[in-house]
Amino acid sequence: MSFKIAIIGAGSVGFTKKLFTDILCVPEFQDIEFALTDISEHNLGMIREILEQIVKSNNLPTKVTATTDRRRALEGARYIISCVRVGGLEAYADDIRIPLKYGIDQCVGDTICAGGILYGQRNIPVILDFCKDIREVAAPGAKFLNYANPMAMNTWAAIEYGKVDTIGLCHGVQHGAEQIAEVLGASSVKELDYVCSGINHQTWFVDLRLNGRKIGKDELIAAFEAHPVYSQQEKLRIDVLKRFGVYSTESNGHLSEYLPWYRKRPDEITRWIDMSDWIHGETGGYLRYSTETRNWFETEFPQFLEQAKKPIDPARRSNEHASHILEALETGRVYRGHFNVKNTGVITNLPTDAIIESPGFVDRFGINMVSGITLPEASAATCIASINVQRMSVHAAVTGNIDLLKLAVLHDPLVGAVCTPEEVWQMVDEMVVAQARWLPQYADAVPGAQERLSKAKVKTRDWAGAARRQVRSIEELRAEKAALKATG
């Protein structure tokens, strides 16, 4: 069996290596071609060397090519995988720091909220360029697998405007299931059966079975509250579980910024977050983590290269969806997973045009979604609030309509809980000006935004300082841990 897979953003060294080895765990896929492309020739060279070493060490006929010419990489590709971050850490810093001046405290900022919306504005024009290339030079009927955030917005744009067969993929459901299996005392996540449905990063475990026995709300709450680690790290998620009756897939930090209740006042945030790791709610946590580890692949490259000399172990194949989807499509071996697709009635109480994340089965006939799922009303209401923001954000990104962009940000749940309309209008102007080089669709709007900012009347507050005073710094935590270790 021979076909071509193109990976856009292949310079994400660790993730590309994982996808590559996962796919080569399928016996029928050893004779395929991987075409790597990235804007960073340096990173591209590193990942190519690693993958070629894996091929050599395993005596495989697999072909690996690498080029900064995206269209060349996409030529004839049957599958295209994207894991790009447009603007990198420089733009991402603006996604976190500018909203914080206006009181919008984000932990991650990559899905909705002010940061996630601007992230989508940067990504969507590029996603549509990918789609244009796919339509023109990829294999007929090529499938686009999007791993990049903001997942729902990117997938929405690729389907509605890019006109390419697209599926969005995330690992949040798998991670949530692993947590649930652990708190319930299962020896393996394989003992847990579940239906998880909603939208990306707001997906809900609406049915849980442990070895066939149905798990109810009260049992699940008790299990989480009794867990020595999760009871502290996931306080917000547990509170939502108590009120909604279902558990969310997303981490404490992720979930906290999609809701209007937990991060709107600095003195309240400390009640709900945990500082043992960034993902549990630290202000700007993912930005700090990403900045500190931005060159980790440089320092660990020799280790990656050494590991590449070892035989591929199919038993260590990850639970990332991509390899399993490709295996099902090409061999007919059925795979069940949770996928981001257009709703079209799959979830009965969410809009039909929305991008949902819900269970489906894959075989030679394609991706077949389980239809007729109805979310609990509270879960649906929360999802719909985000969907409305996503829809406006996608349309703004495609049209370059800055007024629609401001309305999208205004309707974001957390932004609306914190900011006045005047603050939102000024904040969006500030973000668009700061990120203008990555926002070509707003080129005509930038001069007006600059002029308005020169006459700005809204004074920002020291919200960043307030957050620092309320939340212990990572340096303080490290010192505390070091002291505890020293005393035994």
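Note that this is a predicted model, so its numbers are computed, not measured. (Residues numbered from 1 in each chain as written. Predicted model: local features only at pLDDT ≥ 70, side-chain atom pairs only at ≥ 80, totals over all residues. Heavy atoms only, no water.)

Scanning the protein from N- to C-terminus turns up 23 helices and 13 strands. The globule rule puts the C-alpha radius of gyration for 488 residues at 23 Å, and the 22 Å found for the protein is close to it. Each principal axis of the C-alpha atoms in the protein carries an extent, and together these give about 65 × 55 × 55 Å. Within the protein, buried positions represent 59% of all 488 residues. Restricting to contacts in the protein with at least 6 residues of sequence separation, those with at least 24 account for 70%. With the model as given, the accessible surface of the protein reaches about 20000 Å², and the carbon-plus-sulfur share is 50%. (Helix = DSSP H or I, 4+ residues; strand = E, 2+ residues; numbered from the N terminus. Rg over C-alpha atoms; globule rule 2.2 N^0.38 Å. Buried < 20%, exposed > 50% of the residue type's maximum accessible area, 1.4 Å probe, protein only. Contact = heavy atoms within 4.5 Å. Areas by Shrake-Rupley, 256 points an atom, 1.4 Å probe, with all protein chains shown as cover.)

What follows concerns the pattern of salt bridges. Under the definition given, this model contains 29 salt bridges. Two residues, Glu282 and Arg288, come together in a salt bridge whose shortest N-O distance is 2.7 Å. In this pair, the class of Glu282 matches that of Arg288, namely buried. One salt bridge in this structure joins Arg333 and Glu327, with 2.7 Å as the shortest N-O distance. Among the residues examined, Arg333 registers a relative accessible area of 37% and is labelled partly exposed. (Salt bridge = Lys/Arg side-chain N within 4 Å of Asp/Glu carboxyl O.)

Of the residues in the protein, 94% reach a pLDDT of 70 or more, and the chain-wide mean stands at 94. Contacts of residues 466-472 to residues separated by more than four positions or lying in other chains number 14 contacts, the stretch itself having pLDDT below 50. (pLDDT = per-residue confidence, 0-100.)

Attention now moves to the UniProt feature "domain: Glycosyl hydrolase family 4 C-terminal" (unreviewed entry) in the protein. What UniProt calls "domain: Glycosyl hydrolase family 4 C-terminal" (unreviewed entry) maps, in this numbering, to residues 196-415. Taken end to end, residues 196-415 is 46% helix and 17% strand, and its first and last C-alpha atoms sit 27 Å apart. (UniProt positions renumbered as here; feature names shortened; annotations may be inferred.)

Note that Glu234 resides in the loop between α9 (230-233) and α10 (235-244). Given a relative accessible area of 2%, Glu234 falls into the buried group. Among the polar contacts made by the side chain of Glu234, one reaches the main-chain amide nitrogen of Asn252 at a distance of 3.1 Å. In this view, Glu234 contacts Gln179, Tyr247, Ser251, Asn252 and His280; residues no more than four positions away in its chain are not counted. (Polar contact = N/O pair within 3.5 Å; in protein donor to acceptor, adjacent residues only side chain to side chain.)

A separate point is the environment of Gly285. Within the fold, Gly285 resides in helix α13 (residues 285-292). With a relative accessible area of 0%, Gly285 lands in the buried category. The spacing of Gly285 and Cys107 is 178 residues in sequence and 5.2 Å in space, taken between C-alpha atoms.

Peptide bonds are trans in most cases, and residues, glycine excluded, mostly fall at negative phi. The linkage connecting Asn149 with the following residue, Pro150, adopts the cis geometry, with an omega of -5°. As for its placement among the helices and strands, Pro150 is situated in the loop between β5 (143-146) and α6 (151-160). Of note in this structure, Thr344 is not a glycine but carries a positive phi near 45°. Tracing the chain through its elements places Thr344 in the loop between β11 (335-342) and β12 (355-363).

All right, on to the UniProt feature "binding site: Mn(2+)" (unreviewed entry) in the protein then. The positions UniProt marks with the feature "binding site: Mn(2+)" (unreviewed entry) are Cys170 and His201. In summary, the annotated positions, though distributed over 32 residues, converge in three dimensions, the widest C-alpha pair being only 8.7 Å. We classify Cys170 as buried; its relative accessible area is 12%. When near neighbours in sequence (up to four residues on either side) are disregarded, Cys170 contacts Met151, Asn200, His201, His321, Asn340 and Glu357. With respect to the element layout, His201 can be found in the loop between β7 (192-199) and β8 (202-210). Beyond its immediate stretch of four places on either side in the chain, His201 contacts Asp110, Thr111, Asn149, Cys170, Thr249, Glu250, His254, Tyr258 and Glu357. Here Thr111 takes part through its side chain, which lies 2.7 Å from a polar atom of the side chain of His201.

To continue, consider helix α18 (residues 402-410). Every buried residue of α18 is accounted for by Ile402, Leu405, Lys406, Ala408 and Val409. Along the axis of α18, the buried positions cluster into a sector of 155°, meaning they face one direction only. Considering only its buried residues, α18 is in contact with α5 (113-137), α17 (377-399), α19 (413-418), α20 (421-434) and α21 (446-454). (Arc of directions from axis to C-beta.)

With that settled, the discussion passes to the packing of helix α4 (residues 88-101) against α20. At a closest axis distance of 10 Å, the pairing of α4 and α20 adopts a crossing angle of 150°. Of the possible angle classes, the one that applies to α4 and α20 is roughly antiparallel. Pair α4 / α20 crosses with right-handed handedness. Contacts from Asp94, Asp95, Ile98, Pro99 and Lys101 of α4 reach α20 at Met427, Glu430, Met431 and Ala434. (Axes fitted to C-alpha atoms, helices over the stretch in contact; angles between N-to-C directions. Parallel < 35°, antiparallel > 145°, perpendicular 65-115°, else oblique. Left-handed = near helix turned anticlockwise from the far one by under 90°.)

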